[in-house]
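Residues per chain are reported as follows:
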Amino acid sequence: KNLLSTLPRERWFGSSYLYKYNGFWLGPKGMPGLIACQNHFQARDTDFLLITTPKSGTTWLKALMFTLANRKIYPINQNHPLLKQNPHSLVPFMEFFCSPEKMNPDFSCPLGRLYSTHYPLALLPESVLNSGCKIVYLCRNIKDTFVSYWHFSKKLGAEASLEEFFDMFCEGVSLSGPVWDHVLGYWRESLEKPEKVLFLKFEALQEKPSFHLKLLAEFMGCPISPEEETCGFVDEVLGLCSFDNLSNLEVNKSGTQPTARNEMFFRKGKVGDWKNYLIGEMGERIDHITAQKFFGSGLSL
Ligand code: PAP
């Protein structure tokens, strides 16, 4: 509380603020979790951490990683946990499970612990970087990320207009933003340490889902065997975790998470929806910032 009162803040929605800490904007629930994580959280060599920019497909990747990692104990059938629980319940955010009372909870799966965060690289607990913990990073076209973030924030109660929200986003004021700095941090880390950080894009996952599922399984140390491929395992996983399947499940229409109702994590799941919302020069403005920020990095989104 003392720290929060000293930080720059901007209104996000309702009575909620985003707070600027070490160059990044964090939500009201993320801040206390961050301090707890940085001070106490101990990553393990066998951990898998999914890190994403908000609204880049976290829910989807949680479903895919959970299904891959647990396939020995949870074969794909009518009893699969994803049919009864939202992916966010199965792969929780470290910013919410970390508290001074409970620092190393057990989210074990046969491969190790599986959890996630929206924290930027610069704010990760040291043990994540110093241990053998593996990171899967996901980001998305910045314009689609903005549009998804805008809808999500509206559902949470944001009162600002699209234009106001857009200006803030472009100035870097968004959950875990500036989004460009978030992406660049992990992009560079993935180039330096490809065995530690797998860098994925939402669009590439949509375009070549089988290829990326196999890549993910290999990175996680649980490659898909030729027998599994022959038996149609790849299509089964992609079908189970698809937008259509997950969004139509009762649990995802009615349940809730610490941050939002489950149904709020499913909107359209499409590439290029920004064209329906960003009018005039808005798209160009984001492209311009992206080109400037990513210049010389070899990264495009
Ligand atoms: P979070 O950052 O709050 O966890 P996150 O899951 O990253 O949310 O983003 C939600 C986006 O992923 C939504 O995109 P949209 O607003 O453009 O539609 C959501 O529809 C999309 N999404 C959720 N589940 C899936 C899925 N199984 N396949 C593809 N896209 C999905």
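This structure is a prediction, so every number in the text was calculated from the model and none was measured. (Residues numbered from 1 in each chain as written. Predicted model: local features only at pLDDT ≥ 70, side-chain atom pairs only at ≥ 80, totals over all residues. Heavy atoms only, no water.)

**A short note on the site of the ligand**
Moving on, step 1. The environment of the ligand is made up of 22 residues, and the closest members are Thr58, Thr59, Ser148, Lys268 and Gly269.
Moving on, step 2. Between the ligand and glycine 57, the relevant distance is 2.9 Å, taken from an oxygen atom to a main-chain nitrogen or oxygen of the residue.
Moving on, step 3. The side chain of arginine 267 places a nitrogen or oxygen atom 2.7 Å from an oxygen atom of the ligand.
Moving on, step 4. Taken by itself the ligand offers 640 Å² of open surface, and the protein chains cover 97% of this.
Moving on, step 5. Looking at the shell around the ligand, the elements that each hand over two or more residues are helix H3 (58-69) and helix H10 (202-207).
Moving on, step 6. No other element matches H3, which puts three residues into the shell around the ligand.
Moving on, step 7. In terms of residue class, the shell around the ligand is made up of eight nonpolar, 10 polar and four charged. (Near = heavy atom within 4 Å. Polar contact = N/O pair within 3.5 Å; in protein donor to acceptor, adjacent residues only side chain to side chain. Areas by Shrake-Rupley, 256 points an atom, 1.4 Å probe, with all protein chains shown as cover. Helix = DSSP H or I, 4+ residues; strand = E, 2+ residues; numbered from the N terminus. Nonpolar A, V, L, I, M, F, W, Y, C, P; charged D, E, K, R; others polar.)

**Considerations on the environment of phenylalanine 199**
Moving on, step 1. Along the chain, phenylalanine 199 turns up in strand S8 (residues 197-201).
Moving on, step 2. Considering only alpha carbons, one finds phenylalanine 199 and tyrosine 186, 13 residues apart in sequence, at a separation of 7.5 Å.
Moving on, step 3. Every residue in contact with phenylalanine 199, bar those within four places of it in the chain, is listed here: Tyr137, Cys139, Val183, Tyr186, Trp187, Ser190 and Leu299. (Contact = heavy atoms within 4.5 Å.)

**Overview of the pattern of salt bridges**
Moving on, step 1. Within this structure, the stated rule accounts for 10 salt bridges.
Moving on, step 2. Note that aspartate 287 and lysine 143 form a salt bridge whose closest N and O atoms lie 3.0 Å from each other. You can see aspartate 287 sitting in helix H16 (residues 282-294) and its partner lysine 143 sitting in helix H7 (residues 142-156), a full 144 residues away along the chain.
Moving on, step 3. On the basis of relative accessible area, aspartate 287 is assigned to the partly exposed category, the value being 36%.
Moving on, step 4. Take lysine 143: its relative accessible area is 7%, and that puts it in the buried class.
Moving on, step 5. The partner of arginine 261 in a salt bridge is glutamate 263, and the shortest N-O contact between them spans 2.8 Å.
Moving on, step 6. Under the relative-accessibility criterion, arginine 261 is labelled partly exposed at 41%. (Salt bridge = Lys/Arg side-chain N within 4 Å of Asp/Glu carboxyl O. Buried < 20%, exposed > 50% of the residue type's maximum accessible area, 1.4 Å probe, protein only.)

**Describing the sheet that holds strand S1 (residues 9-13)**
Moving on, step 1. One open sheet accounts for three strands, arranged S1-S2-S3; its pairing is antiparallel. Looking along the sheet, the strands with just one partner apiece sit at the ends: S1 and strand S3 (24-26). Mean inter-strand twist for the sheet, computed between neighbouring axes without regard to direction, equals 35 degrees.
Moving on, step 2. Relative to S3, strand S2 (residues 16-21) is paired through three bridges, and the arrangement is antiparallel. Bridging from a neighbouring strand, tyrosine 19 pairs with leucine 26 of S3. (Pairing = 2+ DSSP bridges. Axes fitted to C-alpha atoms, helices over the stretch in contact; angles between N-to-C directions.)

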